[in-house]
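# Structural features, examined
This is what each chain is made of:
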4 protein chains.
Amino acid sequence: MTHAVRNDDYEDVVRTSFAKQGLMRHLGAEVTEVEPGAVTIEVPFAPELTQQHGLFHGGVTTSIADTACGYSALTLMPAGSKVVSVEFKINLFAPARGERLVARGQVVRSGRTITVCQGEVFAWIADGEQQCATMVATMMRVEAPTG
Amino acid sequence: MTHAVRNDDYEDVVRTSFAKQGLMRHLGAEVTEVEPGAVTIEVPFAPELTQQHGLFHGGVTTSIADTACGYSALTLMPAGSKVVSVEFKINLFAPARGERLVARGQVVRSGRTITVCQGEVFAWIADGEQQCATMVATMMRVEAPTG
Amino acid sequence: MTHAVRNDDYEDVVRTSFAKQGLMRHLGAEVTEVEPGAVTIEVPFAPELTQQHGLFHGGVTTSIADTACGYSALTLMPAGSKVVSVEFKINLFAPARGERLVARGQVVRSGRTITVCQGEVFAWIADGEQQCATMVATMMRVEAPTG
Amino acid sequence: MTHAVRNDDYEDVVRTSFAKQGLMRHLGAEVTEVEPGAVTIEVPFAPELTQQHGLFHGGVTTSIADTACGYSALTLMPAGSKVVSVEFKINLFAPARGERLVARGQVVRSGRTITVCQGEVFAWIADGEQQCATMVATMMRVEAPTG
């Protein structure tokens, strides 16, 4: 899918905003790709990110998928926009086991107010990657009061 | 709603499992209530939990809501059960601003394999609390291979 | 929950709009209650509404729940508003078996643009009713170009 | 994606079951494609299928998407299985306007008990088709007591 870019600084906008997210830093997450309509976020395994069985907690999977979706929406918005997660749904269909989680958010449909995104999360293990979750997210554009 | 309890140790089961969740400790979250079919989890504000505007990140809201829902389902399961989040959906409808977030998970429908839960998240601020999110979660019971 | 009414004709608005829905008539559905922030829609059983095992089809359950949620949102909107379903999620947790289905939509949170609603669907059988589904829906207000 | 087929009669199973759905006949819907892990259902426009503005009602979009998802899951199940919709979520992001709606359901992940499906709905108009909705559905396999 090709998307119209309305803000040439989209990558800067995403990276600057991401750097302000206390949670992403606390989880050890990084933005690894920013393209028009698509953002990838990765997080290496750490014992601080686990559920009771030692795998990545669903909350980590969801946090990076939501963030990747939100920023994928933001890449297509005009300068001065803020993006808000209205809602999302995630199916966690395989154990999030491995060295790192990779969440890729993509815009499915970009509207004036509402942007629909899809997120896919992959668990990277020694012998390859496995998709462990799929998200659909509804993002809303709001005018940022200050830059 | 009154629920049939099939494991008298339900509170222990929940608290022991919760204590093993690296993520919950990393976020500073605590279980504050465990009743049959209902679990409450709270997290005080910290800069490590924020999104780019300094409020609680949606990932924190979601992580504690998912965990509260999952454990509310587990309280009603027979001994030796494990609970897995199949999927959930969350609407984030007010800013998660305040001193603490409180997530309450409740069982809506408890089946043999599938349990449907509802989660509500409240932001506590100086002058009261405000609901900021609502979740519906599908939980699945699996037999735990080892205690 | 008490809701502020911004259009005293809210019941008329809902009933007039509902009467224009070809699908609701085709399914045999009726609006039975219209209050500020809450609308009830019912449909009696008919063989035209079934899935392969002779129960109400999930599509019927969903259609009346979506419609009840949308109109519950509309009751709280100013005159000249149109309501659009942005998205919804439904859990179908018990067989929709019985003489009639009753869907109740309620506003959980009413915002300027976005309204979050909850829908509950009950199957009425000889000896009582049973909840068979729960919905969460995101509705959006748009300005109607013509009355 | 290639899927393992465990029942060579999968197409028959789907078509026979579909023919028993009173609702699909009532809506005028047809199964147009059955492949392992993918089913397409179409419905031509009719005034009986509309919402208040004369477009396809979201309930129709949802009914055929849910049905296409459910049968896509069933194509991969062993003989004697029944498929039940546990839950689904749909985003309705463009007007469902046109001569026909086409819903394609596909299996994203097939597990022993739970199958996750994705549905896409397209509106066919004179000058092409436009995607108007995306669904994610959770399907469950249950043993059919009688064929």
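In the annotation of an unreviewed UniProt entry, chain A is listed under the name Medium/long-chain acyl-CoA thioesterase YigI and assigned to Ornithinicoccus hortensis. On record in UniProt, under Sequence similarities (unreviewed entry), the comment for chain A is "Belongs to the YigI thioesterase family."

## Structural notes on the interface of chain A and chain B
Interface size is commonly expressed as the accessible area that is lost once the parts come together. Each side of the interface is counted separately: chain A has 34 residues, and chain B has 34 residues. On the chain A side of the contact with chain B, Leu23(A), His26(A) and Gln52(A) bury the most area, a combined 23% of that side's loss. Linking chain A with chain B are 21 residue pairs in polar contact (both at pLDDT 80 or more). Residue assignment for the side of chain A that touches chain B shows that the elements contributing at least two residues are helix H2 (22-27), helix H3 (58-74) and strand S3 (81-92) of chain A. Among the elements that make up the side of chain A that touches chain B, the one with the highest residue count is S3(A) (10 residues).

## A word on the relation of the copies chain A and chain B
Of the transformation superimposing chain A on chain B, the axial component is 0.0 Å and the angular component is 180 degrees, with the fit at an RMSD of 0.0 Å. Taken together, these values place the two copies in the relation of a two-fold axis. In terms of C-alpha distance to the rotation axis, chain A has Lys89(A) as its closest residue, with the C-alpha 2.0 Å off the axis.

## Concerning the sheet that holds strand S2 (residues 38-44) of chain D
In spatial order, the strands read S1(C)-S2(C)-S4(C)-S5(C)-S6(C)-S3(C)-S3(D)-S6(D)-S5(D)-S4(D)-S2(D)-S1(D); together these 12 strands make up an open sheet with antiparallel pairing. Among the strands making up the open sheet, the edge pair consists of strand S1 (30-35) of chain C together with strand S1 (30-35) of chain D. The average undirected angle you get between the axes of adjacent strands in this sheet is 25 degrees. Sheet topology note: the strand S3 (residues 81-92) of chain C/strand S3 (residues 81-92) of chain D ladder contains 5 bridges and is antiparallel. Considered in S3(D), the bridge of Lys89(C) is made with Lys89(D). This element, helix H3 (residues 58-74) of chain C, spans strand S2 (38-44), S3, strand S4 (100-110), strand S5 (114-125) and strand S6 (128-143) of chain C together with S3 of chain D of the sheet and lies at about 40 degrees to S4(C).

## Comments concerning the relation of the copies chain D and chain C
Its rotation angle being 180 degrees, the transformation that places chain D on chain C also includes 0.0 Å of axial translation and leaves an RMSD of 0.0 Å. Most of the interface of chain D is mirrored in chain C, where 100% of its interface residues are also at the interface.

## Looking at the environment of Arg97(D)
Residues and elements named next belong to chain D. With respect to the secondary-structure elements, Arg97 resides in the loop between S3 and strand S4 (100-110). Given a relative accessible area of 48%, Arg97 falls into the partly exposed group. Among residues more than four places away in sequence, those in contact with Arg97 are Leu55, Ala123, Trp124 and Ile125.

## With respect to the sheet that holds strand S6 (residues 128-143) of chain A
Spatially, the 12 strands line up as an open sheet ordered S1(A)-S2(A)-S4(A)-S5(A)-S6(A)-S3(A)-S3(B)-S6(B)-S5(B)-S4(B)-S2(B)-S1(B), and their pairing is antiparallel. Here the strands that pair on one side only, and so sit at the sheet edges, are strand S1 (30-35) of chain A together with strand S1 (30-35) of chain B. Along the sheet, successive strands turn relative to each other by an average axial angle of 25 degrees, direction set aside. Inspection of the sheet shows S1(A) paired to strand S2 (residues 38-44) of chain A by 5 bridges, in the antiparallel sense. Across the sheet, the residue bridging to Glu30(A) is Glu42(A), located in S2(A). Packing of helix H1 (residues 10-19) of chain A onto the sheet brings it into contact with S1 and S2 of chain A, and relative to S1(A) it is tilted by some 160 degrees.

## A closer look at the nonpolar core
Nonpolar side chains in soluble globular proteins generally cluster together in the buried interior. Judged by nonpolar contacts, the single largest core of 194 residues is most densely connected at Leu101(A), Leu101(B), Leu101(C) and Leu101(D). Apart from the residues within four sequence positions on either side, Leu101(C) is in contact with Ile41(C), Glu42(C), Val43(C), Phe56(C), Val60(C), Thr61(C), Ile64(C), Ala96(C), Val121(C), Phe122(C), Ala123(C) and Cys132(C).

## Description of the packing of helix H1 (residues 10-19) of chain B against helix H3 (residues 58-74) of chain B
Residue and element names in this part refer to chain B. Taken N-terminus to C-terminus, the directions of H1 and H3 make an angle of 145 degrees; their axes are 9 Å apart at the nearest point. For the element pair H1 and H3, the recorded crossing hand is right-handed. Of the residues in H3, those in contact with Val13, Val14, Ser17 and Phe18 of H1 are Thr67, Tyr71 and Leu74. Residue classes in the contact of H1 with H3 are distributed as 5 nonpolar, 2 polar and no charged.

## Remarks on the side chain of Ser85(C)
Tracing the backbone through its elements, the reader meets Ser85(C) in strand S3. Judged by relative accessible area, which is 16%, Ser85(C) ranks as buried. There is a polar contact of 2.7 Å between the side chain of Ser85(C) and the side chain of Asp66(C). Apart from the residues lying within four places of it in its own chain, the contact partners of Ser85(C) are Asp66(C), Thr138(C), Met139(C) and Leu92(D).

## Regarding the UniProt feature "domain: Thioesterase" (unreviewed entry) in chain A
In the UniProt entry, the feature "domain: Thioesterase" (unreviewed entry) is given for residues 53-122 of chain A. The span residues 53-122 of chain A carries 24% helix and 46% strand; its end-to-end C-alpha distance comes to 19 Å.

## Some remarks on the interface of chain D and chain C
Between chain D and chain C, the residue contacts involve 34 residues of the former and 34 residues of the latter. Carbon and sulfur atoms supply 54% of the area that chain D and chain C bury against each other, a total of about 2,600 Å² over both sides. Looking only at chain D, the three residues that lose the most surface to chain C are Leu23(D), His26(D) and Gln52(D), adding up to 24% of its buried area. Here chain D is connected to chain C by 2 salt bridges. Note that Glu87(D) and Lys89(C) form a salt bridge whose closest N and O atoms lie 2.7 Å from each other. Elements that contribute at least two residues to the side of chain D that touches chain C include exactly helix H2 (22-27), helix H3 (58-74) and S3 of chain D. Take the side of chain D that touches chain C: its biggest share by element is 10 residues, from S3(D). Taken together, the residues that form the side of chain D that touches chain C break down as 12 nonpolar, 16 polar and 6 charged.

## As for the pairing of strand S5 (residues 114-125) of chain A
Residues and elements named next belong to chain A. Buried residues dominate S5, accounting for 9 of its 12 residues. As defined by bridge partners, strand S4 (residues 100-110) adjoins S5 across 10 bridges and the pair is classed as antiparallel. Bridge pairing in S5 links Ser110 to Thr115. Between S4 and S5, which pair antiparallel and follow one another directly, the connecting turn spans 3 residues. In the sheet, S5 pairs with S6 via 12 bridges, with the strands oriented antiparallel. Its bridge partner being in S6, Val121 is matched across the sheet by Ala133.

## A closer look at the environment of Ala133(B)
All names here are of chain B. When you line up the elements, Ala133 lands in strand S6 (residues 128-143). When the C-alpha atoms of Ala133 and Arg25 are compared, they prove to be 22 Å apart, with 108 residues separating the residues in sequence. Residues contacting Ala133, with those up to four places away along its chain left out, are Thr61, Ile90, Asn91, Leu92, Phe93, Gly119, Glu120 and Val121.

Cut-off values and rules
- Residues numbered from 1 in each chain as written.
- Chains lettered and ligands numbered in written order.
- Predicted model: local features only at pLDDT ≥ 70, side-chain atom pairs only at ≥ 80, totals over all residues.
- Heavy atoms only, no water.
- UniProt positions renumbered as here; feature names shortened; annotations may be inferred.
- Contact = heavy atoms within 4.5 Å.
- Buried area = accessible area lost by both parts, 1.4 Å probe.
- Polar contact = N/O pair within 3.5 Å; in protein donor to acceptor, adjacent residues only side chain to side chain.
- Helix = DSSP H or I, 4+ residues; strand = E, 2+ residues; numbered from the N terminus.
- Least-squares fit on C-alpha atoms with pLDDT ≥ 70 in both.
- Pairing = 2+ DSSP bridges.
- Axes fitted to C-alpha atoms, helices over the stretch in contact; angles between N-to-C directions.
- Buried < 20%, exposed > 50% of the residue type's maximum accessible area, 1.4 Å probe, protein only.
- Core = buried A, V, L, I, M, F, W, Y, C linked by side-chain atoms within 4.5 Å.
- Left-handed = near helix turned anticlockwise from the far one by under 90°.
- Nonpolar A, V, L, I, M, F, W, Y, C, P; charged D, E, K, R; others polar.
- Salt bridge = Lys/Arg side-chain N within 4 Å of Asp/Glu carboxyl O.

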